[in-house]
Protein chains: 2
Amino acid sequence: MDLLQLCTDAKSASRLAAKLGTNEKNEALLALAKNLAAASSDIIAANKVDVEEAVANGMSQALLDRLTLTEARIEGMAEGVTQVASLPDPIGEVLSMWTRPNGLKIGQQRVPLGVIGIIYESRPNVTVDSFALTFKSGNAVILRGGSDCIHSNLALVKVIKETLRQCGIEENIISILEDTDRKYVNELIRMDDYLDVIIPRGGAGLIRNVSQNASVPVIRTGTGNCHIYVDKDADLTKAVPIILNAKLQRLGVCNAAESLVIHKDVAEEALKAIIPALQAEGCEVRGDALVQEICANIVPATEEDYGTEYLAKIISVKVVDSIDQAIAHINKFSTGHSESIISENYTAVQQFLNEIDSAAVYANASTRFTDGFEFGFGAEIGISTQKLHARGPMGLNALTTTKYIIYGNGQVRP
Amino acid sequence: MDLLQLCTDAKSASRLAAKLGTNEKNEALLALAKNLAAASSDIIAANKVDVEEAVANGMSQALLDRLTLTEARIEGMAEGVTQVASLPDPIGEVLSMWTRPNGLKIGQQRVPLGVIGIIYESRPNVTVDSFALTFKSGNAVILRGGSDCIHSNLALVKVIKETLRQCGIEENIISILEDTDRKYVNELIRMDDYLDVIIPRGGAGLIRNVSQNASVPVIRTGTGNCHIYVDKDADLTKAVPIILNAKLQRLGVCNAAESLVIHKDVAEEALKAIIPALQAEGCEVRGDALVQEICANIVPATEEDYGTEYLAKIISVKVVDSIDQAIAHINKFSTGHSESIISENYTAVQQFLNEIDSAAVYANASTRFTDGFEFGFGAEIGISTQKLHARGPMGLNALTTTKYIIYGNGQVRP
């Protein structure tokens with residue numbers, strides 16, 4: 001595999017991707033949705049090879065489930081592509097335009113990023129989803145999926161490339177690293193002359209490796225050690241269902257709550273309402289001394305617990321003396337993803353919303369809403385927990401940049 | 001010097017910086033302007049040590065001039081600070097807010113980045129300027145200036161810290177690496193747990209080193225190999241003054257033109273009007289075969305010339321067969337900074353503005369306008385030639401990020 005050639009081709013293709021009109025892009029996406037359905041038996045056959053290898057390698061049932069493709073799942077991918085076709089095209093939007101005293105008319109126009117690298121793990125649906133979003137936003141994409149699903153990914157990319165050819169569109173707008181040797185990942189993330197951004201979509205280890213070693217700019221998507229703070233003026237009839245939802249509605253997701261912070265003035269009443277309700281659902285509770293005193297069956301919490309994203313039926317609990325202490329604790333231990341205050345106190349809510357340094361800060365709602373679809377973006381490429389470029393759920397706009405276009409009539413600088 | 005402690009203190013201070021009100025920030029900036037003027041003899045004495053060492057080390061006259069501080073230059077710094085005080089505060093702006101069908105009210109609010117690292121070379125005015133801009137936008141800043149101006153920088157930071165104390169504001173909002181050993185730069189750019197962004201302000205070597213080795217996200221500011229394309233429908237009465245201005249009005253700046261691209265249909269007339277005018281100003285012209293044929297005293301241009309940012313009285317010239325070829329040439333050789341088309345043809349102008357992949361794309365104006373002040377931002381921290389986060393001239397908004405604030409009333413995710 002000639003990675004340099006692949007990157008060079010992707011960069012050339014990105015110029016063409018940027019010029020595609022909205023209708024052209026939407027027609028290609030709708031054709032892809034049809035072609036995916038039509039090719040489903042080929043895709044499933046390729047996926048079977050991956051699944052058999054994974055079984056032989058002793059993959060866990062949960063991961064096997066994510067890896068396995070069915071007719072229904074391919075239909076789901078096609079539906080996703082159709083939805084992306086229906087979203088507004090972000091490209092070409094002029095965010096603002098103004099005229100300078102010298103008559104220069106300056107506008108800031110939304111344009112594609114160029115070449116986007118996406119590095120992901122073992123869910124083949126990311127292949128189709130990543131193409132749909134990067135293509136709709138006028139970019140070329142280089143995919144590097146996990147070795148576990150390489151046959152599935154190659155089959156999916158084949159359908160995408162065939163669709164592009166069929167629509168008269170340059171097929172190098174999408175490319176995939178056919179060789180999943182890790183050395184190519186390390187080379188890819190140093191190709192800053194060719195790639196404009198790398199988005200790792202996967203676990204904390206992958207994200208850390210990429211962001212520590214890349215020279216290409218990286219958008220870090222996120223681990224979420226999300227907190228819910230129960231203020232002294234909390235309405236417990238809101239607090240209990242919100243906490244149960246945020247912790248238990250889905251366990252393995254980054255916007256699930258992992259830690260509770262409780263104001264001491266309400267600790268006894270709040271803990272007695274919340275903790276047994278969590279324990280009744282099989283959730284292990286790790287708490288500080290006061291929590292252990294008030295409730296039964298509490299595992300003592302360590303400092304490490306407060307910094308842990310469990311992604312499991314475990315939650316840490318800490319009692320604090322004040323909202324200031326709650327905010328300091330959360331800003332110290334959180335990963336900057338999503339946090340929520342439960343309070344009827346106007347000033348407490350405003351302080352929490354202002355001072356918590358996270359991508360999404362809620363008052364009186366579950367952290368589970370941090371999601372591109374729930375926010376109304378119609379799509380999601382991931383949730384950024386970094387501060388540069390995009391923060392929080394990323395829709396199509398996060399895959400764009402801007403340029404200034406300037407209309408003059410002979411102006412020179414005095 | 002304990003760099004880890006310095007970064008830890010800066011991160012704590014950034015929480016306080018983010019909470020400062022607009023009036024508090026403006027009052028501190030106005031106090032700083034006064035204090036700089038009052039301390040000018042101390043600052044000049046410190047600067048004298050740097051200048052004497054620089055003379056002893058054989059620094060060039062041009063660099064010595066950039067290094068030397070005078071009463072007038074310190075007054076200039078103070079004026080700059082006063083201007084920043086008068087700019088609107090970007091923090092707290094809610095860019096948009098909407099209500100979801102479930103009643104969640106979601107707003108995207110502008111907030112500070114946090115801790116900004118600025119690495120720069122031998123102009124001490126960058127010290128004050130960087131503080132004013134990062135402070136006004138609610139951030140903490142860690143400065144690392146060149147060893148050439150360390151005494152000047154320390155004197156300036158002393159005045160800034162005294163001003164903050166006098167205003168009752170945490171002084172660790174600004175810190176400077178007192179030891180200019182390069183090993184600390186290499187450590188600083190890996191402090192991704194503490195710094196939110198690094199902005200290198202200086203030459204291409206500095207920027208390359210930082211962006212290749214940082215784990216902290218970097219905003220690359222720019223080298224500019226800027227092009228002017230003279231279309232077949234160019235009005236030469238506009239082209240000649242624009243080209244002279246873009247090439248010669250100031251030589252050592254990133255928005256100066258370094259290369260001309262001329263449509264063959266107008267080559268003879270255009271070259272005869274443009275080239276002698278440039279040569280009359282002492283500008284060396286390096287051209288392809290056709291340019292050599294039409295004009296006298298042309299140095300043959302190599303491929304390397306087309307990729308060179310001269311920052312000197314030299315310009316490269318290439319004749320092309322079509323606007324498509326012009327765009328391909330520019331997108332190949334440009335650094336993505338600023339390019340301009342000279343044309344009266346509507347379609348050619350629109351094509352150029354759409355297809356040139358640079359931060360600022362002009363029609364019929366000098367590239368020298370790519371500048372935060374000329375764009376009307378009232379300030380400039382640099383000109384980004386990368387695509388992530390900020391592209392083109394960066395004002396105060398480039399030193400901010402956003403977070404989502406969400407007002408609920410008990411919502412849980414179904």
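Residues numbered from 1 in each chain as written. Chains lettered and ligands numbered in written order. Predicted model: local features only at pLDDT ≥ 70, side-chain atom pairs only at ≥ 80, totals over all residues. Heavy atoms only, no water.

### Some details on the overall build of chain A
To keep things clear, this is the line we draw: Helix numbers and strand numbers start at the N terminus; a helix is a DSSP run of H or I with at least 4 residues, a strand a run of E with at least 2. The globule rule used here is 2.2 Å times the number of residues to the 0.38 power, and the radius of gyration it is set against is calculated over C-alpha atoms. Exposed residues in this analysis have more than 50% of their type's maximum accessible area, buried residues have under 20%, and partly exposed residues fall in between, with area computed by a 1.4 Å probe over protein chains only. Contact definition: two residues touch when any of their heavy atoms are within 4.5 Å. Under the convention used here, a 1.4 Å probe and the Shrake-Rupley method define accessible areas, while residue burial counts only the protein chains that appear.
Counting its secondary structure elements, chain A contains 15 helices and 16 strands. A compact globule built from 414 residues should have a C-alpha radius of gyration of about 22 Å, and chain A, at 24 Å, falls within 12% of that. Reported as C-alpha extents along the three principal axes, the dimensions of chain A are approximately 70 × 70 × 35 Å. By residue count, 58% of the 414 residues in chain A fall in the buried class. Of the contacts formed within chain A by residues at least 6 apart in sequence, a portion of 71% connects residues at least 24 apart. Element-wise, carbon and sulfur atoms account for 49% of the exposed surface of chain A, whose accessible area totals about 15600 Å².

### With respect to the sheet that holds strand S3 (residues 115–120) of chain B
Residues and elements named next belong to chain B. Formally: At least two DSSP bridges between two strands are needed for those strands to be called paired. Axes here refer to lines fitted to C-alpha atoms; in helices the fit is confined to the stretch in contact. Angles between the N-to-C directions go from 0 to 180 degrees.
Strand order in the open sheet formed by four strands is S5-S4-S3-S6, and the pairing between neighbours is parallel. Both outer strands of the open sheet, strand S5 (174–176) and strand S6 (197–201), are each paired with one neighbouring strand and no more. With direction set aside, neighbouring strand axes in the sheet form an average angle of 20°. Two strands pair when backbone bridges link them, and S3 and strand S4 (residues 140–144) are joined in this way by five bridges, in the parallel orientation. Each bridged residue has a counterpart across the sheet, and for Ile119 the counterpart in S4 is Arg144. In this fold helix H6 (residues 125–136) packs onto S3, S4, S5 and S6, with an angle of close to 160° to the strand it touches most, S3. Sitting on the sheet, helix H9 (residues 204–213) touches S3 and S6, and the angle it makes with S6 is about 160°.

### Some words on helix H15 (residues 346–355) of chain A
To keep things clear, this is the line we draw: For the purposes of these results, a polar contact is taken to be a pair of N or O atoms within 3.5 Å, where, inside protein, one atom must be able to donate a hydrogen and its partner to accept one; residues adjacent in sequence count only when each atom of the pair is a side-chain atom.
For H15 of chain A, the set of buried residues is Ala348, Val349, Gln351, Phe352, Leu353 and Glu355 of chain A. Check the buried side of H15 of chain A and you find it contacts strand S7 (226–230), helix H14 (323–333), strand S12 (338–342) and strand S13 (360–365) of chain A together with helix H1 (3–19) and strand S16 (400–411) of chain B. In this structure Asn345 of chain A caps H15 of chain A, since a side-chain oxygen of it lies 2.9 Å from the backbone nitrogen of Thr347 of chain A.

### Quick notes on empty space enclosed by the protein
Note the following rule: Here a cavity denotes a set of grid points, spaced 1 Å apart and computed over the protein atoms alone, in which a 1.4 Å probe fits but from which it cannot get out, and a pocket denotes an open set meeting protein on both sides within 12 Å along at least five of seven lines; residues with an atom within 4 Å of a point are reported as lining. Grid points are joined across faces, edges and corners, and a volume is the space filled by probe spheres set on the points.
Applying the stated criterion to the full structure yields one cavity of 30 Å³ or more. Taken as a whole, the largest cavity holds about 220 Å³ of empty space. In terms of lining residues, the largest cavity is bounded by 18 residues, among which Pro217 and Val218 of chain A together with Val216, Pro217 and Val218 of chain B are the most central.

### Quick notes on the interface of chain B and chain A
To be explicit about the condition: By definition, the buried area sums, over both parts, the 1.4 Å-probe accessible area that each loses when the two are put together. Salt bridges are defined by distance alone: a side-chain nitrogen of Lys or Arg within 4 Å of a carboxyl oxygen of Asp or Glu. Side-chain classes are defined by residue name, with Ala, Val, Leu, Ile, Met, Phe, Trp, Tyr, Cys and Pro counting as nonpolar, Asp, Glu, Lys and Arg as charged, and the others, Gly among them, as polar.
At the interface, 74 residues of chain B touch 74 residues of chain A. Its largest share of buried area at the contact with chain A, chain B owes to Leu388, Tyr404 and Arg413 of chain B, together 14% of the area lost on that side. For the pair chain B and chain A, the interface holds twelve salt bridges. A salt bridge links Lys19 of chain B to Glu355 of chain A; the nearest nitrogen and oxygen atoms lie 3.5 Å apart. Our count for the contact surface shared by chain B and chain A stands at 55 residue pairs in polar contact (both at pLDDT 80 or more). Those elements that provide at least two residues to the side of chain B that touches chain A are H1, strand S2 (105–112), H9, helix H10 (236–248), helix H15 (346–355), strand S13 (360–365), strand S15 (392–394) and S16 of chain B. Counting residues per element, the side of chain B that touches chain A draws most heavily on S16 of chain B, which supplies eleven residues. Across the side of chain B that touches chain A, the residue classes tally to 32 nonpolar, 24 polar and 18 charged. Across five bridges, S13 of chain A lies against S16 of chain B in parallel orientation. Counterpart to Ala360 of chain A in the pairing with S16 of chain B is Tyr404 of chain B.

### Examining the packing of H10 of chain B against helix H11 (residues 267–280) of chain B
Residues and elements named next belong to chain B. Put simply, the rule reads: It is the rotation of the near helix from the far one that decides the hand of a crossing: anticlockwise by less than a right angle makes it left-handed, clockwise makes it right-handed.
Relative orientation of the contacting elements H10 and H11 amounts to 35°, with a least axis distance of 10 Å. At the point where H10 passes H11, the crossing takes the right-handed sense. Here H10 contributes Leu236, Val240, Ile243, Leu244, Lys247 and Leu248 to the contact with H11, which in turn contributes Glu269, Ala270, Ala273, Ile274, Ala277 and Leu278. Residues of the contact of H10 with H11, tallied by class, amount to ten nonpolar, no polar and two charged.

### Brief notes about the state of the cysteines
As a reminder of what qualifies: Cysteine sulfurs are considered disulfide-paired once they come within 2.5 Å of each other.
This structure, assessed with the given rule, holds zero disulfides over all chains. We note that Cys254 of chain A lacks a disulfide partner, and the nearest cysteine sulfur, in Cys226 of chain A, lies 6.9 Å from it.

### What about the sheet that holds strand S1 (residues 94–99) of chain B?
Overall, mixed pairing links the ten strands, which are arranged S10(A)-S9(A)-S11(A)-S8(A)-S7(A)-S12(A)-S13(A)-S16(B)-S2(B)-S1(B) in an open sheet. In the strand order of this sheet, the two ends are held by strand S10 (299–300) of chain A together with S1 of chain B, each with one partner. Looking at chain direction, S7 of chain A and strand S8 (residues 257–263) of chain A are connected through five bridges and run parallel. Its bridge partner being in S8 of chain A, Ile228 of chain A is matched across the sheet by Leu260 of chain A. Where helix H10 (residues 236–248) of chain A meets the sheet, its contacts fall on S7, S8, strand S11 (314–320), S12 and S13 of chain A together with S16 of chain B, and the angle it forms with S7 of chain A comes to roughly 165°. Sheet contacts for H14 of chain A: S7, S8, S11 and S12 of chain A; angle to S7 of chain A, the most-contacted strand, approximately 175°.

### Details of the relation of the copies chain B and chain A
Our working definition: Residues below a pLDDT of 70 in either copy are left out; the C-alpha atoms of the rest, at least 70 in both, set the least-squares superposition of the copies.
In the superposition of chain B on chain A (RMSD 0.0 Å, axial shift 0.0 Å), the rotation amounts to 180°. This pairing of chains is accounted for by a two-fold axis. Scanning chain B for the C-alpha nearest the rotation axis identifies His389 of chain B, at a separation of 1.8 Å. In this assembly, 100% of the residues forming the interface of chain B have copies in chain A that are likewise at the interface, indicating an isologous arrangement.

Any functional reading would require information that these geometric values do not contain.
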